[in-house]
Amino acid sequence: MTLTSCIVDSITPLTPYVQRVVLIPDQPVDFLPGQYLQLCLTEQDKRPFSLASLPGLSELELHIGASAADEYSSQALTHLQQQQQKGQPVQVEAGLGHAHLRTERDNPIVLLAGGTGFSYIYSIAQALQQQGSNRPVFLYWGVRQHESLYLLPELQQWASSQSKFRFIPVVQDPDDSWQGRAGLVHEAVLEDFVSLEAYDIYIAGPFPMVGVARDAFLKQGAHQQQMFADAFAYI
Ligand SMILES: Cc1cc2nc3c(=O)[nH]c(=O)nc-3n(C[C@H](O)[C@H](O)[C@H](O)COP(=O)(O)OP(=O)(O)OC[C@H]3O[C@@H](n4cnc5c(N)ncnc54)[C@H](O)[C@@H]3O)c2cc1C
């Protein structure tokens, strides 16, 4: 873990409630796909955000939930916007977390994202693509409304061009225009797999979702040591 100064290059909306933040670090940042950084608001107040981008690039990408009711994210965004306006850097601690992609294995993979937990899952999915991995990947992304699936076309394109990559978007409160899966995203996984014993499972999203998914997946045969989520440290 290193403390790094970053220029806030851009803050652009992905949806009305999620912002894409691009930071340019003043030195190369070492991290693994699936790790997170902490944005330092003060010396004591540090907020974790998953790195959506891959290691080795000159930019760091974050996806930050932006609902005004969510102070955790909205205060972090305000800090980023203020530093950008002042032309001042922000401080981050990168390369954190233990739920990074394990590359030394060949198990098939379930990637489970709830809402902005997608940032973490996206980094891992991109790394698998970059490595030309042959492992079957099932990416589940659960959101409340389908408009929140901000990378839907890209993921559908990946799925249509690669036989071993499956993408399953799941909308909790669909309207009549949604033709896909509906309900809670972890329940879609439970419906699709008789047993999760063979799978490596990576999970990110709201803490209650991570908790119920872990417990339900264990009952459906998943091995604790094959499930990865930094939220496990918080719940
Ligand atoms: C290490 C770490 C990294 C983080 N990284 C980020 C980040 O990059 N960006 C960010 O904005 N925040 C981040 N957070 C904060 C937190 O994880 C997010 O605020 C949270 O994931 C936001 O979820 P959401 O509001 O988008 O999901 P919601 O819209 O609340 O839920 C999305 C889906 O999750 C499922 N779900 C939700 N609640 C439940 C439940 N009670 N039971 C079952 N299923 C449920 C449903 O399928 C639902 O549709 C991070 C936190 C930690 C600890």
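Residues numbered from 1 in each chain as written. Predicted model: local features only at pLDDT ≥ 70, side-chain atom pairs only at ≥ 80, totals over all residues. Heavy atoms only, no water.

Draft legend 1. Representation of the domain arrangement of the protein. When cut into domains, the protein gives domain 1 (2-96) and domain 2 (109-233). Put simply, the middle of domain 1 and the middle of domain 2, counted by C-alpha atoms, are 23 Å apart. Listed by partner, the interface residues are 13 residues for domain 1 and 14 residues for domain 2. For the domain 1 and domain 2 pair, buried surface summed over both sides reaches about 1200 Å², with 64% attributable to carbon and sulfur atoms. Three residues, Gly34, Leu54 and His63, lead the burial of domain 1 against domain 2; their summed loss comes to 40% of the area buried on that side. Viewed at the interface, domain 2 and domain 1 are joined by zero salt bridges. Our count for the domain 1 to domain 2 interface comes out at six residue pairs in polar contact (both at pLDDT 80 or more). Taken together, the residues of the side of domain 1 that touches domain 2 break down into seven nonpolar, six polar and no charged. (Domains from an automatic or database assignment. Contact = heavy atoms within 4.5 Å. Buried area = accessible area lost by both parts, 1.4 Å probe. Salt bridge = Lys/Arg side-chain N within 4 Å of Asp/Glu carboxyl O. Polar contact = N/O pair within 3.5 Å; in protein donor to acceptor, adjacent residues only side chain to side chain. Nonpolar A, V, L, I, M, F, W, Y, C, P; charged D, E, K, R; others polar.)

Draft legend 2. Fine view of the sheet that holds strand S8 (residues 137-143). Taken together, the six strands give an open sheet; going across it, the order is S10-S9-S8-S7-S11-S12, and neighbouring strands pair in parallel fashion. At either margin of the open sheet sits one strand with a lone partner, and together these are strand S10 (181-182) and strand S12 (227-228). Both strand S7 (residues 109-114) and S8 contribute to a ladder of six bridges, which runs parallel. The residue bridging Ile109 from the neighbouring strand is Val137, located in S8. Where helix H3 (residues 152-161) meets the sheet, it contacts S8 and strand S9 (165-171), and its direction lies at approximately 145° from that of S9. Strands in contact with helix H5 (residues 207-219) are S7, strand S11 (200-204) and S12; relative to S11, the strand with the most contacts, it is inclined by about 160°. (Pairing = 2+ DSSP bridges. Helix = DSSP H or I, 4+ residues; strand = E, 2+ residues; numbered from the N terminus. Axes fitted to C-alpha atoms, helices over the stretch in contact; angles between N-to-C directions.)

Draft legend 3. Just the pairing of strand S3 (residues 36-40), in detail. By the criterion of burial, S3 is predominantly enclosed, with five of the five residues buried. Counting the residues that bridge the hairpin from S3 to strand S4 (residues 46-50) gives five residues. Looking at chain direction, S3 and strand S6 (residues 90-96) are connected through four bridges and run antiparallel. Residue pairing in the sheet places Cys40 in a bridge with Gln91 of S6. (Buried < 20%, exposed > 50% of the residue type's maximum accessible area, 1.4 Å probe, protein only.)

Draft legend 4. Here's a closer look at the sheet that holds strand S1 (residues 2-15). Reading across the sheet, the six strands line up as S4-S3-S6-S1-S2-S5 and stay open at both edges, with antiparallel pairing between neighbours. Looking along the sheet, the strands with just one partner apiece sit at the ends: S4 and strand S5 (60-65). Looking at each pair of strands side by side, their axes are set apart by 40° on average, direction ignored. Strand direction decides the pairing type here: S1 and strand S2 (residues 18-25), joined by eight bridges, are antiparallel. Bridge pairing in S2 places Cys6 opposite Pro25.

Draft legend 5. Seen up close, the site of the ligand. With respect to spatial proximity, 27 residues lie near the ligand, and among them His63, Gly65, Thr116, Arg144 and Gln172 are the closest. With respect to the ligand, the backbone of Ser50 contributes an N or O atom lying 3.0 Å from an oxygen atom. In the environment of the ligand, an oxygen atom lies 2.8 Å from a nitrogen or oxygen atom belonging to the side chain of Arg144. Taking 990 Å² as the accessible area of the ligand by itself, protein coverage stands at 81%. Listed by contribution, the elements that provide at least two residues to the shell around the ligand are S4, S5, helix H1 (71-86), S8, helix H4 (185-192) and H5. A total of four residues in the shell around the ligand trace back to one element, the largest contributor, which is H5. The residue inventory of the shell around the ligand, partitioned by class, reads 14 nonpolar, twelve polar and one charged. Mapped onto the domain boundaries, the shell around the ligand takes at least three residues apiece from domain 1 (2-96) and domain 2 (109-233). (Near = heavy atom within 4 Å. Areas by Shrake-Rupley, 256 points an atom, 1.4 Å probe, with all protein chains shown as cover.)

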